[in-house]
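Survey of secondary and tertiary structure
Now for the letters of each chain:
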Amino acid sequence: MDVRDLHPWPSTPEEAEAIQDLLRPMLELDVPGPAAPSTVAGLDVSYAGDGGGTGDRLAAAVVVLDGTTLEVVEESVAVGTAAFPYVPGLFAFRELPTLLEALRGLTTTPGLLVCDGFGIAHPRRFGLACHLGVLTGLPAIGVGKTAFIGTYDQPGARRGDAAPLRDGGEVVGRVLRTRDGVKPVFVSVGHRTDLGTACRNVLALAREYRLPETTRRADRLSRDALAAASG
């Protein structure tokens, strides 16, 4: 699939922040998202070691699922090294070069990207899901296991219960319960979708487990790819 080259890769935090500032106005937020995408891609990255150093080996995986059956349509993996130091708020720059290589390996263009991370629920309102959405032109959302920023009240205990995630008085995401009595996930929009549609898609993808099936499959594939590359 096509991925646009919209910027050079930074070598300093200042350059990375400038790229976020350059791309942020390109975001399309609060537009009607894909209500029933025929295909959905999950993206995840696994690191060797603690994943905190520049040059650490990593494996990026993209798994495309049928939006109705959740059967695997296509998989793509790429193995590389962390391209940027660990800096809070700039984590996407560590993963993006290898993730984009994996995306370019797809023959399918998915209707929705589901990232293990964040969209606008980010200190600079430009997390990984935003960056991937702008570079691919595709609807993209982030589903985090924990909150990166913001405050919230606990949602109700039943599947589908939700509460706003707020930062500085702004709603930046939603705390969503995907299974009765199980810890919620943190959903935020990245590009070309609205928050309500994003949450409905997450629930449709999380039929048996807390995390959406896209994330579960991509996590497993990235771990297997990293193990194979490490011998």
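Relevant structure appears above.
The structure contained in this document is the topic of the report that follows. Position numbers for residues count from 1 along each chain, tracking the sequence in the order it is written. Thresholds applied to this predicted model are a pLDDT of at least 70 for local features of residues and 80 or more for the giving and counting of side-chain atom pairs; totals over whole chains, interfaces and linings are not thresholded and use all residues. Side-chain numbers come from the whole structure's heavy atoms, not from hydrogens or water.

**Looking at the layout of surface pockets**
How we decide: Think of a 1 Å grid over just the protein atoms. A cavity is a set of points where a 1.4 Å probe fits yet cannot get out, a pocket is an open set with protein on both sides within 12 Å along at least five of seven lines, and lining residues have an atom within 4 Å of a point. Grid points are joined across faces, edges and corners, and a volume is the space filled by probe spheres set on the points. A run of DSSP states H or I qualifies as a helix once it reaches four residues; a run of E qualifies as a strand once it reaches two. Both are numbered from the N-terminal end. For this classification, the nonpolar set comprises Ala, Val, Leu, Ile, Met, Phe, Trp, Tyr, Cys and Pro, the charged set comprises Asp, Glu, Lys and Arg, and every other residue, Gly included, is treated as polar.
Roughly 630 Å³ of internal volume is contained in the largest pocket. Around the largest pocket, the lining comprises 26 residues; the ones closest to its centre are Phe91, Glu95, Asp116, Gly117 and Phe118. Contributions of two or more residues to the lining of the largest pocket are made by β1 (39-47) and α2 (92-104). Considering only residue class, the lining of the largest pocket consists of 15 nonpolar, 7 polar and 4 charged.

**Remarks on the pattern of salt bridges**
To keep things clear, this is the line we draw: Criterion for a salt bridge: a side-chain nitrogen of Lys or Arg within 4 Å of a carboxyl oxygen of Asp or Glu. Whether a residue is buried, partly exposed or exposed follows from its accessible area with a 1.4 Å probe, protein chains only, as a fraction of its type maximum: under 20%, in between, or over 50%, in that order.
Inspection of the entire model under this criterion finds 11 salt bridges. Linking Asp219 and Arg223 is a salt bridge whose minimum nitrogen-to-oxygen distance equals 3.0 Å. Here the residue Asp219 and the residue Arg223 both occupy positions in helix α5 (residues 213-229), the gap between them amounting to 4 residues, near one helical turn. The class for Asp219 is partly exposed, based on a relative accessible area of 23%. Classification of Arg223 as exposed rests on a relative accessible area of 52%.

**Focus on α5**
Filter applied, for reference: Multiply 1.5 Å by the residue count of a helix minus one, and that product is the helix's expected span. Contact between two residues is taken to exist if any of their heavy atoms lie within 4.5 Å; hydrogens are not considered.
Over its 17 residues, α5 runs 24 Å from end to end, which matches the ideal 24 Å to within 8%, given 1.5 Å per residue. In this structure, the buried residues of α5 make contact with β1, β2 (57-66), β3 (72-81), β4 (113-115) and α4 (195-205). Positive phi shows up at Gly231, right after α5, with a value of about 75°.

Note that every value here comes from positions in space, so none of it alone points to a role or purpose.
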